[in-house]
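Below are the chains, spelled out letter by letter.
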Amino acid sequence: MSKVSQVQKKVQSILSSELGSVNVDADGNLKISYESTLLMIKTHEFGDKGDETMIEMTGVVTMNTPASAKLYKYLNEQNSSLHFGSLHHLEGDKSTLILLKYCILGDYLDPEELLNAVRATVLMSDLLDDGIVKEFGGTRFIDR
């Protein structure tokens, strides 16, 4: 079993014991719905030799929020005051997303560290989505 698979299983075990159950996709990525947002948790290789693991938490803050200088200024201002994670505006072929990403190392994962990271990411994503939609447009994940 690869190191990434081992860490994925550990993450799933920790979160399942805390939350009761979590959705797992075919690649072992986890998805947790909370209030109006979605949190995706992915484990992948990290480091110069690819011999370490990273756990990436991604909160879907908004969808289809139009790009603008005012939005980018707002995201930069938020990023300067966020203690954990950073906001990103991504433009795809069919939609745009504002995501909150936060990463922790997975090799020596402590359950409390994982749970705190999950809470910080999902709570902040849920906290930010209403204000961004009101000010800049778009939709929350739950309203898609």
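Refer to the structure above for everything that follows.
Below you will find a few notes about this structure. (Residues numbered from 1 in each chain as written. Predicted model: local features only at pLDDT ≥ 70, side-chain atom pairs only at ≥ 80, totals over all residues. Heavy atoms only, no water.)

1. Points about helix 1 (residues 3–19)
It helps to recall that an α-helix has 3.6 residues per turn; residues three or four apart then point in one direction.
Then, number 1: An ideal rise of 1.5 Å per residue puts 24 Å on 17 residues; helix 1 measures up with 24 Å between its terminal C-alpha atoms.
Then, number 2: Among the residues of helix 1, those classed as buried are Val-4, Val-7, Gln-8, Val-11, Ile-14 and Leu-15. Buried residues along helix 1 cover an arc of 130 degrees about the axis, so they all sit on one side.
Then, number 3: Looking at the buried side of helix 1, the elements it contacts are strand 2 (30–34), strand 3 (37–46), strand 4 (52–63) and helix 3 (111–136).
Then, number 4: Looking one or two places after helix 1, you find Gly-20, whose phi comes out positive at around 95 degrees. (Helix = DSSP H or I, 4+ residues; strand = E, 2+ residues; numbered from the N terminus. Expected span 1.5 Å × (residues − 1). Buried < 20%, exposed > 50% of the residue type's maximum accessible area, 1.4 Å probe, protein only. Arc of directions from axis to C-beta. Contact = heavy atoms within 4.5 Å.)

2. A few points about the pattern of salt bridges
Then, number 1: Scanning the entire structure with this criterion turns up 7 salt bridges.
Then, number 2: Lys-73 is the salt-bridge partner of Glu-77, the closest N and O atoms lying 3.8 Å from each other. Placement of both Glu-77 and Lys-73 in helix 2 (residues 69–81) is noted, with a separation of 4 residues, approximately one turn of the helix.
Then, number 3: Beyond isolated ion pairs, a larger network of salt bridges with shared partners links Asp-130, Arg-140 and Asp-143. (Salt bridge = Lys/Arg side-chain N within 4 Å of Asp/Glu carboxyl O.)

3. Focus on the nonpolar core
Then, number 1: Val-11, Leu-15, Ile-41, Ile-55 and Leu-114 are the most contacted members of the largest nonpolar core, which totals 19 residues.
Then, number 2: If you list the elements that add at least two residues to this core, you get helix 1, strand 2, strand 3, strand 4, strand 6 (96–105) and helix 3.
Then, number 3: The greatest single-element share of this core, amounting to 5 residues, is contributed by helix 3.
Then, number 4: Dropping the residues within four chain positions of it, Ile-41 is found in contact with Val-11, Leu-15, Asn-29, Leu-30, Ile-32, Ile-55, Glu-56, Met-57 and Val-118.
Then, number 5: Counting residues in each nonpolar core, the second largest holds 11 residues, with Val-61, Leu-75, Leu-87 and Ile-132 among its members. (Core = buried A, V, L, I, M, F, W, Y, C linked by side-chain atoms within 4.5 Å.)

4. As for helix 3
Then, number 1: Compared with the 38 Å implied by 1.5 Å per residue over 26 residues, the 36 Å span of helix 3 between its first and last C-alpha is a close match.
Then, number 2: Maximum bend of helix 3: about 30 degrees, positioned at Asp-129.
Then, number 3: Regarding helix 3, the residues found buried are Leu-114, Leu-115, Ala-117, Val-118, Thr-121, Val-122, Ser-125, Asp-126, Leu-128, Asp-129, Ile-132 and Phe-136.
Then, number 4: The positive-phi residue at the C-terminal boundary of helix 3 is Gly-137, with phi of around 95 degrees. (Bend = angle between axes of the 7 residues up to and from the residue.)

5. Describing the sheet that holds strand 1 (residues 23–24)
Then, number 1: The strand order across the open sheet formed by 6 strands is 1-2-3-4-6-5, and the pairing between neighbours is antiparallel. Bordering the open sheet on either side are strand 1 and strand 5 (86–91), each of which pairs with just one other strand.
Then, number 2: Bridge analysis of strand 4 against strand 6 gives 9 bridges, and the strand direction is antiparallel. Note that in strand 6 the partner of Met-63 across the bridge is Leu-97.
Then, number 3: Against the sheet, helix 2 touches strand 5 and strand 6, its axis set at about 155 degrees to strand 5. (Pairing = 2+ DSSP bridges. Axes fitted to C-alpha atoms, helices over the stretch in contact; angles between N-to-C directions.)

6. Overview of the side chain of Asp-129
Then, number 1: Tracing the chain through its elements places Asp-129 in helix 3.
Then, number 2: With residues near it in sequence (within four places) discarded, Asp-129 still touches Ser-36, Thr-37, Val-61, Thr-62 and Arg-140.

7. Focus on the side chain of Asn-29
Then, number 1: Position of Asn-29 relative to the elements: it lies in the loop between strand 1 and strand 2.
Then, number 2: Sequence-distant contacts of Asn-29, that is, excluding residues within four places in its chain, are made with Gln-8, Asn-23, Val-24, Ile-41, Lys-42 and Thr-43.

8. Things to note about the packing of aromatic side chains
Then, number 1: Within the structure shown, the criterion is met by 2 aromatic pairs.
Then, number 2: On the basis of an interplanar angle of 50 degrees and a centroid distance of 5.3 Å, the ring pair of Tyr-74 and Phe-136 is categorised as tilted. Of this pair, Tyr-74 sits in helix 2 while Phe-136 sits in helix 3, and the two are 62 residues apart along the sequence. The pair formed by Tyr-74 and Phe-136 is uniform in burial state, with each residue classed as buried. (Phe/Tyr/Trp six-rings, centres within 6.5 Å; stacked < 30°, edge-to-face > 60°.)

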